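Single-letter residue listing:
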2 protein chains.
Amino acid sequence: MTNDSFYKKRKVIPIGPVSELTGLTERQIRYYEERKLIFPERSERGNRKYSFNDVEQLIDIANKREEGVQTFEIRKDMLKEKNKQDKELKEEMLRGQFNAQFGVRKK
Amino acid sequence: MTNDSFYKKRKVIPIGPVSELTGLTERQIRYYEERKLIFPERSERGNRKYSFNDVEQLIDIANKREEGVQTFEIRKDMLKEKNKQDKELKEEMLRGQFNAQFGVRKK
DNA sequence: CGTGTAAGGAATTCTGACACG
DNA sequence: CGTGTAAGGAATTCTGACACG
């Protein structure tokens, strides 16, 4: 998750191609945004822009929905996942701090 | 060049964002296509779709243009570059053939 | 709850052309 | 040659709403 390509994160894909890429209707994609499952950027005049990460996320959502999972449940799982990642990141940074002060010098 | 991310190659970005990303006008981008420097895909009804590779390519083109290089020269350089890559790929494949028949077995 | 649809408007993109040089 | 621009049309996207369930 840390070495995601730079490009996977750039939000540049309009909703039309995202719809093709995911197999979801635009209506569904917008609804998942309303339910806080996905967070596109907006162009100056309001057009949604998605990243490839968003596309992957939407595919995950689509799979869960097919299993009958409700958007509310999906959201909870996402928050849980996010929390875990934040915690890992924090530990990672602490480790860095520690090594910088007491660890062996890298050459 | 071989390990380009999958995502760098997907043609999904419309000309507007490409223009922002590269600093080129849409007019310029379309003109470079006319001059065979760039090859977007088209959506069903004709809208151009670019990849991140295309964006990088366009930035290279922009730099060369600033140096005063003409599109014709840029095109020649690109073809030369492409030839080189094709040749490398062919050698690579021959090597693979060779190893499969006579090389040491990998475990 | 999750999704479809018709509605009207606004923004995007397209092409071919004329302009300058 | 490379780029700007005005022109008109076609396609895209947006929002808010009504519908079904």
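What counts as what
- Residues numbered from 1 in each chain as written.
- Chains lettered and ligands numbered in written order.
- Predicted model: local features only at pLDDT ≥ 70, side-chain atom pairs only at ≥ 80, totals over all residues.
- Heavy atoms only, no water.
- Helix = DSSP H or I, 4+ residues; strand = E, 2+ residues; numbered from the N terminus.
- Rg over C-alpha atoms; globule rule 2.2 N^0.38 Å.
- Buried < 20%, exposed > 50% of the residue type's maximum accessible area, 1.4 Å probe, protein only.
- Contact = heavy atoms within 4.5 Å.
- Areas by Shrake-Rupley, 256 points an atom, 1.4 Å probe, with all protein chains shown as cover.
- Lys, Arg positive; Asp, Glu negative; His and termini not counted.
- Charge placed at Lys NZ, Arg CZ, Asp CG, Glu CD.
- Near = heavy atom within 4 Å.
- Polar contact = N/O pair within 3.5 Å; in protein donor to acceptor, adjacent residues only side chain to side chain.
- Nonpolar A, V, L, I, M, F, W, Y, C, P; charged D, E, K, R; others polar.
- Salt bridge = Lys/Arg side-chain N within 4 Å of Asp/Glu carboxyl O.
- Least-squares fit on C-alpha atoms with pLDDT ≥ 70 in both.
- Buried area = accessible area lost by both parts, 1.4 Å probe.

By the naming in an unreviewed UniProt entry, chain A is HTH-type transcriptional regulator TnrA, taken from Lentibacillus populi.

Let's talk about the overall build of chain A
For chain A, the count of helices and strands is 5 helices and 2 strands. Across chain A, helices and strands are ordered from the amino to the carboxyl terminus as α-α-α-β-β-α-α. Expected size for 107 residues packed as a compact globule is a radius of gyration near 13 Å; at 18 Å, chain A overshoots this value by more than 25%. Structurally, chain A occupies a C-alpha span of about 55 × 30 × 20 Å along its principal axes. Across the 107 residues in chain A, those meeting the buried criterion constitute 28%. When contacts within chain A are restricted to residue pairs at least 6 apart in sequence, long-range pairs at least 24 apart make up 60% of them. Of the accessible surface of chain A, which amounts to about 8100 Å², a share of 49% is contributed by carbon and sulfur atoms. Put simply, chain A has 25 plus and 19 minus side-chain charges, and the middle of one group is 5 Å from the middle of the other.

Here we look at the protein's contact with DNA strand D
Around DNA strand D sit 21 residues, and of these Arg48 of chain A together with Thr25, Arg35, Arg45 and Thr71 of chain B come closest. Of everything in DNA strand D that lies within 4 Å of the protein, sugar and phosphate atoms constitute 79%. For DNA strand D, a phosphate oxygen lies 2.7 Å from a polar atom in the side chain of Thr25 of chain B. Residue Arg27 of chain B places a side-chain N or O atom 3.0 Å away from a base oxygen belonging to DNA strand D. Among the elements of the structure, α2 (15–22) and α3 (26–34) of chain A together with α3 (26–34) of chain B are those that each provide at least two residues to the surface near DNA strand D. Here the surface near DNA strand D gets 4 residues from one element, more than from any other, and that element is α3 of chain B. Each residue belonging to the surface near DNA strand D can be placed in one class, and the counts come to 5 nonpolar, 8 polar and 8 charged.

Description of the pattern of salt bridges
Residues and elements named next belong to chain B. Taken as a whole, this structure holds 23 salt bridges over all chains when the rule is applied. With a shortest N-O distance of 3.2 Å, Glu56 and Lys8 are connected by a salt bridge. In this pair, Glu56 is assigned in helix α4 (residues 52–66) and Lys8 in helix α1 (residues 6–9), connecting sequence segments 48 residues apart. Judged by relative accessible area, which is 29%, Glu56 ranks as partly exposed.

As for unusual backbone geometry
You will see that Lys36 of chain A, though not glycine, has its phi angle at about 65°, which is positive. As for its placement among the helices and strands, Lys36 of chain A is situated in the loop between α3 and β1 (41–42).

Quick look at the relation of the copies chain B and chain A
Once turned by 180° and shifted 0.0 Å along the axis, chain B lies on chain A with an RMSD of 0.1 Å. What the rotation and shift describe, once combined, is the action of a two-fold rotation axis. For chain B, the smallest separation between a C-alpha atom and the rotation axis is recorded for Ile13 of chain B, amounting to 2.7 Å. Interface overlap between copies: 100% of the residues of chain B at the interface are likewise at the interface in chain A, consistent with a symmetric, same-surface contact.

Some remarks on the interface of chain B and chain A
Tallying the contact residues gives 12 residues for chain B and 12 residues for chain A. For the pair chain B and chain A, the two sides together bury roughly 1200 Å², of which 73% comes from carbon and sulfur. Together, Tyr7, Val12 and Phe52 of chain B form the three largest contributors to the area buried by chain B at its contact with chain A, with a combined 52%. Counting only elements with at least two residues in the side of chain B that touches chain A, the list comes to α1, α2 (15–22) and α4 of chain B. Class assignment for the residues of the side of chain B that touches chain A results in 7 nonpolar, 1 polar and 4 charged.

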